[in-house]
Amino acid sequence: MVTALTRVFGVHNIALAEDAVQDTFCRALEVWKFRGVPENPSAWLMATAKNRAIDILRRERTARTFAPELGRLLESEWTLTTVVEECFGANEMKDDLLRMMFSCCNPRLPEEAQVALILNILCGFSVSEVSGAFVSTRAAIEKRIVRAKKLLAASKTLFDVASVAEFSARLPSVHRALYLLFTEGYHGASAEKAVRVELCREAMRLTAVLLEHPLGRTPVTYALAALTSLHAARLPTRVDAFGDLSALVDQDRSQWDQGLVAEGLKFLELSATGAELSEYHIDAAIASMHARALRLEDTDWGAIVSLYDTLMTIRPSPIIALNRAIAVAQHEGPDRGLMEIHSIADSTRLATYPFYFAACGELELRRGRREAAREHFRAALALARNEMERRFLDRRLNACT
Amino acid sequence: MSEFTYLFRGRETTASPEQMQKTMEKWVAWFKELGAKGHIKDPGHPLEHTGKVVKGKQKIVNDGPYAEAKDVVGGYTVIEATDILQAVELSKGCPILEVGGSVEVRPIQKFNL
């Protein structure tokens, strides 16, 4: 709704659009108190927002300038209503969503601010919900969002999704932001919950919107869609019946969402064209190896190790090196795995990552060195970022005795 | 059965969207209950919080009403009850009372000719 209103008001009037949405919402609640909630509340809200937009445009036509690209069409009473109607139509709404998505991914904004802005404007998360998603204080997030909106408003026009060159240039930032949004939900460091399905779902919804646009439908977007679907398929088992984190090796594979697996594999196939091999391709391919293995022992660890090797050449990072080492351990045993862990080049960056120590603990335990394993799990426990991680590591620690 | 009007005064001015939604749901539940017992004659409407006040022989038009938020009539409903005691009793379930508002219960004057 904010995106459609911003489209007619112009991006510099984003605050006005947000006020109008707030106002629409308040009015709706007042009326519903007396008349009950209508059968289709969102359609009702849309219609109300549309009328509100027309009111505001009429009233403030002389005082403000609205969307410059719609310019004169909004000035004439003959075209005003039609233009607004169009902006609220289903297809236009999707385009508006894309325009806003690309506008949010302005390279002049830090990546975290881009994701915060997407959550706030496109996903309708309140500031406190966004700060919950980022494990940050409300004040800090509010500042970040306000600053980002100022930059957005200063640009006067929304991103032009019709320009092929600009679209392709901005697309990688959009991919990155959607990927971060997804992983924040999947591996997030939230204080209360280790998995926030709603963030994953939003990332998947926006990726689907991207796939509907002819310019957005690239092999890399397909790879991103594959990777999110394949990971999301495992969401039902990432947390067990007690709300505790569950390791990949312990997961009940019959609970994986086979519909999402099939969809993910289809996306992966569609992504396999063109010359570009992105990190999302590899990430999706690794996820597909797990998804295909109906039993843990069916996993092709050798193939996974070589996929990690490729990933290390595209996007080297200590976390990926750690995951690679774990795959090596599955493939060639804990001794080799530990050697790989100890040879990670930039391991100081892992010094605060609880799962680095957890991995060391796991492998020591497998080698039968219980005392060393305990040490590692204790170190991991001290670094745990939420209650779920704490309970998970506590269980592993107890497994050493 | 006699008819009564409920005039709802007062509104929440500092509620979060989540709180407002909860309040709305309470209202819907309250209306549903009244309706199920056959007390709703006309659910009525919420009123905008501002408007115009026309006054005196000179018909002076002012913006208004400029009362405090707690005194502004925010909506009305027409109900049916056996007597004012029952109408008052029924009004006690109104969620507006939980947020510092009030319900004014007024019998509607009717002449059966």
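Basis of the calculations
Residues numbered from 1 in each chain as written. Chains lettered and ligands numbered in written order. Predicted model: local features only at pLDDT ≥ 70, side-chain atom pairs only at ≥ 80, totals over all residues. Helix = DSSP H or I, 4+ residues; strand = E, 2+ residues; numbered from the N terminus. Buried ≥ 20, exposed ≤ 12 C-beta atoms within 10 Å, placed from the backbone. Contact = placed C-beta atoms within 7 Å. pLDDT = per-residue confidence, 0-100. Nonpolar A, V, L, I, M, F, W, Y, C, P; charged D, E, K, R; others polar. Pairing = 2+ DSSP bridges. Axes fitted to C-alpha atoms, helices over the stretch in contact; angles between N-to-C directions. Left-handed = near helix turned anticlockwise from the far one by under 90°.

(A) Seen up close, the overall build of chain B. Helix and strand counts for chain B stand at two helices and six strands. Along the chain direction, N to C, the helices and strands of chain B fall in the order β-α-β-β-β-β-α-β. Taking the principal axes of its C-alpha atoms as reference, chain B extends roughly 50 × 45 × 20 Å. Burial statistics for chain B: of 113 residues in total, 17% are counted as buried. Taking the contacts inside chain B whose residues are at least 6 apart along the sequence as the reference set, 75% of them involve residues at least 24 apart.

(B) A look at the overall build of chain A. A count of helical and extended segments in chain A gives 21 helices and zero strands. Principal axes of the C-alpha set define a box for chain A whose edges measure 80 × 50 × 40 Å. Scored against the burial criterion, the 401 residues of chain A give a buried share of 40%. When contacts within chain A are restricted to residue pairs at least 6 apart in sequence, long-range pairs at least 24 apart make up 61% of them.

(C) Highlighting the confidence of the model for chain A. Confidence along chain A averages 84 in pLDDT terms, with 93% of residues attaining 70 or more. Across chain A, element-level confidence peaks in helix α12 (residues 219-233) of chain A with a mean pLDDT of 94 and bottoms out in helix α4 (residues 71-75) of chain A with 68.

(D) Fine view of the interface of chain B and chain A. Each partner contributes to the interface: chain B provides 13 residues, whereas chain A provides eleven residues. Elements represented by at least two residues in the side of chain B that touches chain A include exactly α1 (17-36), β2 (40-46) and β5 (73-81) of chain B. Per-element accounting of the side of chain B that touches chain A gives the leading share, seven residues, to α1 of chain B. Classifying every residue of the side of chain B that touches chain A by side-chain character gives eight nonpolar, five polar and no charged.

(E) Focus on the pairing of strand β4 (residues 60-64) of chain B. Little of β4 of chain B sits out of view: just zero of its five residues are buried. Adjacent in sequence and paired antiparallel, strand β3 (residues 51-55) of chain B and β4 of chain B are bridged by four residues, among which Gly 56 of chain B carries a positive phi angle near 75°.

(F) Structural detail: the confidence of the model for chain B. All names here are of chain B. Mean pLDDT over chain B works out to 88, with 97% of the residues at or above the 70 mark. Model confidence for chain B, summarised as mean pLDDT per element, is weakest for β4 at 85 and strongest for helix α2 (residues 84-91) at 95. Across the predicted assembly, pTM comes out at 0.71 and ipTM at 0.84.

(G) Summary view of unusual backbone geometry. All names here are of chain B. Notably, Lys 59 is not glycine yet its phi reads approximately 55°, a positive angle. Here Lys 59 shows up in the loop between β3 and β4. Taking the number of C-beta atoms within 10 Å as the measure of exposure, Lys 59 has 7 and is therefore exposed.

(H) Broad picture of the packing of helix α3 (residues 41-60) of chain A against helix α5 (residues 77-87) of chain A. Residues and elements named next belong to chain A. The interhelical angle for the contact between α3 and α5, taken along N-to-C directions, is 145°, at an axis separation of 10 Å. Note that α3 runs across α5; the crossing there is right-handed. Together, Lys 50, Ala 53, Ile 54 and Leu 57 of α3 and Leu 80, Thr 81 and Val 84 of α5 make up the contact between the two elements.

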